[in-house]
Amino acid sequence: MTTALKEVTDASFDADVLKSDKPVLVDFWAEWCSSCRQITPSLEAIAAEHGDKIGVVKLNIDQNPATADKYGVMSLPTLLVFKDGAVVKTIVGAQSKAALDRDLDAFVS
């Protein structure tokens, strides 16, 4: 999958997400998930528009199952917003960019 979004792994999750000085939206996805591919352009647009206020990263659950298990990811796509090392927002399922913008408004305004 070609994407401008940063890929994180089980090994880098702590440093890239939990210790970030700004909120981070983590897209839990898999190569076989068509809905995951469907929302990628919206996530790339959000990263381009609001990257100074919120990080946007992807975590492939097939290659990094420990983190997905730790946070109870059962459906794809699952988007979790982390702030100060804790989950502060959960979005499950494909959403339009407008819906994602509304869900993320508190973190980017």
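Up top is the structure.
Please read all numbers here as calculations on a predicted model, not as lab measurements.

### Comments concerning the state of the cysteines
In step 1: Taken as a whole and assessed by the stated rule, the structure comprises one disulfide.
In step 2: Sulfur-sulfur distance for the disulfide between Cys-33 and Cys-36 comes to 2.4 Å. An S-S torsion of about 80° defines the bridge between Cys-33 and Cys-36 as right-handed. The burial state of Cys-33 is the same as that of Cys-36; both residues are buried.

### So, the packing of aromatic side chains
In step 1: The full count for this structure, using the stated rule, is three aromatic pairs.
In step 2: Ring centres 5.7 Å apart and planes at 45° place the aromatic pair Phe-13 and Tyr-71 in the tilted group. Of this pair, Phe-13 sits in helix H1 (residues 13–18) while Tyr-71 sits in the loop between helix H3 (65–70) and strand S4 (78–83), and the two are 58 residues apart along the sequence.
In step 3: A relative accessible area of 4% places Phe-13 in the buried class.
In step 4: With a relative accessible area of 23%, Tyr-71 lands in the partly exposed category.
In step 5: By way of ring pairs, the aromatic residues Phe-13, Tyr-71 and Phe-82 are connected into one cluster.

### Considering the pattern of salt bridges
When their charged atoms lie close together, side chains carrying opposite charge are able to pair.
In step 1: Applying the stated criterion across every chain, the model contains six salt bridges.
In step 2: A salt bridge links Asp-16 to Lys-6; the nearest nitrogen and oxygen atoms lie 3.1 Å apart. One end of the pair, Asp-16, is in helix H1; the other, Lys-6, is in strand S1 (residues 6–7), and ten residues separate them in sequence.
In step 3: Note on Asp-16: relative accessible area 22%, which makes it partly exposed.
In step 4: The partly exposed category is assigned to Lys-6, whose relative accessible area is 45%.
In step 5: A salt bridge links Lys-97 to Asp-101; the nearest nitrogen and oxygen atoms lie 2.8 Å apart. You can see Lys-97 and its partner Asp-101 sitting in helix H4 (residues 97–108), four residues apart, about one turn around the helix.
In step 6: The network of salt bridges with shared partners includes Glu-49, Lys-97 and Asp-101.

Scoring rules and cut-offs
Residues numbered from 1 in each chain as written. Predicted model: local features only at pLDDT ≥ 70, side-chain atom pairs only at ≥ 80, totals over all residues. Heavy atoms only, no water. Disulfide = S-S within 2.5 Å. Buried < 20%, exposed > 50% of the residue type's maximum accessible area, 1.4 Å probe, protein only. Phe/Tyr/Trp six-rings, centres within 6.5 Å; stacked < 30°, edge-to-face > 60°. Helix = DSSP H or I, 4+ residues; strand = E, 2+ residues; numbered from the N terminus. Salt bridge = Lys/Arg side-chain N within 4 Å of Asp/Glu carboxyl O.

Treat this as a map of the structure, not an account of what it does.
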